[in-house]
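# Observations on the three-dimensional arrangement
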Amino acid sequence: MSIKTFAESVTEIAATTVTEGAIEHAPPAPVAVVAASPMSDFEGEISRSDVKVPRLQLAQSIGPLSDDFPSGTWVINKRTAIAAKDEPMSIVPLRAVKYYQEKLDYSVSGPMPRRFSTMDDVTAAGLRADWGPDSEPPQIQECLDLTLLIESRSSTPSPEFSFVFDGKCYALISWSITSYTAYDAAARPLLSARTLYLPSFHARRWNLASEKHVMKNGNSTMRPSLVAADPTSEAFQAWSGGLL
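Described in the following lines is the structure provided in the data block.

Rules and cut-offs
Residues numbered from 1 in each chain as written. Predicted model: local features only at pLDDT ≥ 70, side-chain atom pairs only at ≥ 80, totals over all residues. Heavy atoms only, no water. Pairing = 2+ DSSP bridges. Helix = DSSP H or I, 4+ residues; strand = E, 2+ residues; numbered from the N terminus. Axes fitted to C-alpha atoms, helices over the stretch in contact; angles between N-to-C directions. Core = buried A, V, L, I, M, F, W, Y, C linked by side-chain atoms within 4.5 Å. Buried < 20%, exposed > 50% of the residue type's maximum accessible area, 1.4 Å probe, protein only. Contact = heavy atoms within 4.5 Å. Phe/Tyr/Trp six-rings, centres within 6.5 Å; stacked < 30°, edge-to-face > 60°. Lys NZ or Arg CZ within 6 Å of the ring centre and 35° of its normal. Polar contact = N/O pair within 3.5 Å; in protein donor to acceptor, adjacent residues only side chain to side chain. Expected span 1.5 Å × (residues − 1). Bend = angle between axes of the 7 residues up to and from the residue.

Strand order in the open sheet made by the 3 strands is β5-β6-β7, with antiparallel pairing throughout. Bordering the open sheet on either side are β5 (56–58) and β7 (80–83), each of which pairs with just one other strand. Each adjacent strand pair in this sheet contributes to an overall mean axis angle of 40°, direction not counted. Bridge count between strand β6 (residues 74–76) and β7: 3 bridges; the pairing is antiparallel.

Judged by nonpolar contacts, the single largest core of 32 residues is most densely connected at W74, I150 and W175. Looking at this core, the element that brings in the most residues is helix α3 (residues 180–196), giving 6 residues. Discounting chain neighbours no more than four positions away, the residues touching W175 are L56, W74, L144, D145, L146, L148, A186, L208 and P224. Counting 11 residues, the second largest nonpolar core, distinct from the first, contains V92, L94, F163 and W239.

Let's shift gears to the packing of aromatic side chains. Under the counting rule described, the total for this entry stands at 6 aromatic pairs. Ring geometry for W74 versus W175: centroids 5.4 Å apart, planes at 85°, classification edge-to-face. Within this pair, whereas W74 is found in strand β6, its partner W175 is found in strand β12 (residues 168–177), the two being separated by 101 residues in sequence. Taken individually, W74 and W175 each receive the classification buried, so the pair is uniform in this respect. Summarising the aromatic geometry, the rings of F165 and F236 are spaced 5.5 Å apart at their centres and angled 85° between planes, so their arrangement reads as edge-to-face. Linking F165 in strand β11 (residues 163–165) with F236 in helix α4 (residues 234–241), this pair joins segments that are 71 residues apart in sequence. F236 matches F165 in its accessibility class, with the two residues each being buried. Put simply, the rings of F165, Y170, F236 and W239 touch in pairs and so form one group of aromatic residues. Stacked on the ring of F236, the Lys or Arg R205 has its end atom at 4.9 Å from the ring centre.

Looking now at the pairing of strand β14 (residues 220–231). Pairing between strand β13 (residues 204–214) and β14: 10 bridges, direction antiparallel. Across the sheet, H213 pairs through a bridge with T221, a residue of β14. Linkage of β13 to β14, two consecutive antiparallel strands, is achieved through a turn of 5 residues, within which G218 is found at a positive phi near 95°.

Turning to the side chain of E151, a few remarks are in order. Relative to the helices and strands, E151 is located in strand β10 (residues 140–151). Among the polar contacts made by the side chain of E151, one reaches the side chain of R205 at a distance of 3.0 Å. Here E151 is in contact with S90, F161, K168, C169, Y170 and R205, once residues within four sequence places are set aside.

Another aspect to go through is α3. Counted at 1.5 Å a residue, the expected span for α3 with its 17 residues is 24 Å, and the 22 Å between its end C-alpha atoms agrees. A maximum bend of about 35° is found in α3 at A187, where proline P189 lies one to four positions downstream. Taken together, the buried positions of α3 are T181, A182, Y183, A185, A186, A187, L190 and A193. For α3, the secondary structure elements touched by its buried residues are β8 (89–102), β10, β12, β13 and β14.

What follows is about unusual backbone geometry. In the Ramachandran plot, K78 falls in the positive-phi region, its phi being about 65° despite a non-glycine side chain. In this fold, K78 is placed in the loop between β6 and β7. Of note, D166 is a non-glycine position whose phi angle comes to about 50°, a positive value. Assignment of secondary structure puts D166 in the loop between β11 and β12. Owing to a relative accessible area of 61%, D166 belongs among the exposed residues under this scheme.

Below, the structure is given as structure tokens:
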């Protein structure tokens, strides 16, 4: 088994910082280089702002990915397709951060939505989490930022799948679950399992695919399909737990 050198040189690259009230991404901070595995071709100090964990997205029939990928395709960094519709991937969640995000109408020049760590913070900001008396929609959305490993179908490492354990290649991925349909289909099962019976997120594998979902108004969208799979070994948990 092995971990690539660069992973040993960066700690908590997917960390976020929870402030009182709002949640914000961690500011750039020095990241120590592990003395046992130095990078002979680099001098200086690596900070979190230097390292971008690849992001996972699900292509829809409309939107920024629709011109390049069929609906239901799982895509890394908006350019690399890793799974087609109805093609399950084996994933292992490592870390999750839940927050509440303000719902705002999209505007290129408009304000960014605020993020809150607790429902008390939402209430203090004067926002409504439930439907209003005249059927006004909620003003916030439950969201989950997930750091996970995706297992490759190939045993040969690649730029995307460069972490190797016991002959299998994995990609370290960040996935932001920010829509209601995706949260209901993926975040709730994960959080339920972690609360009710899992000792840690990385104690179990999950099969992640995509499926068509028809909403009450008749419109359809692609959403995640997440099914619990086999538990992971203690050796795998020790290895994967050291990646963050």
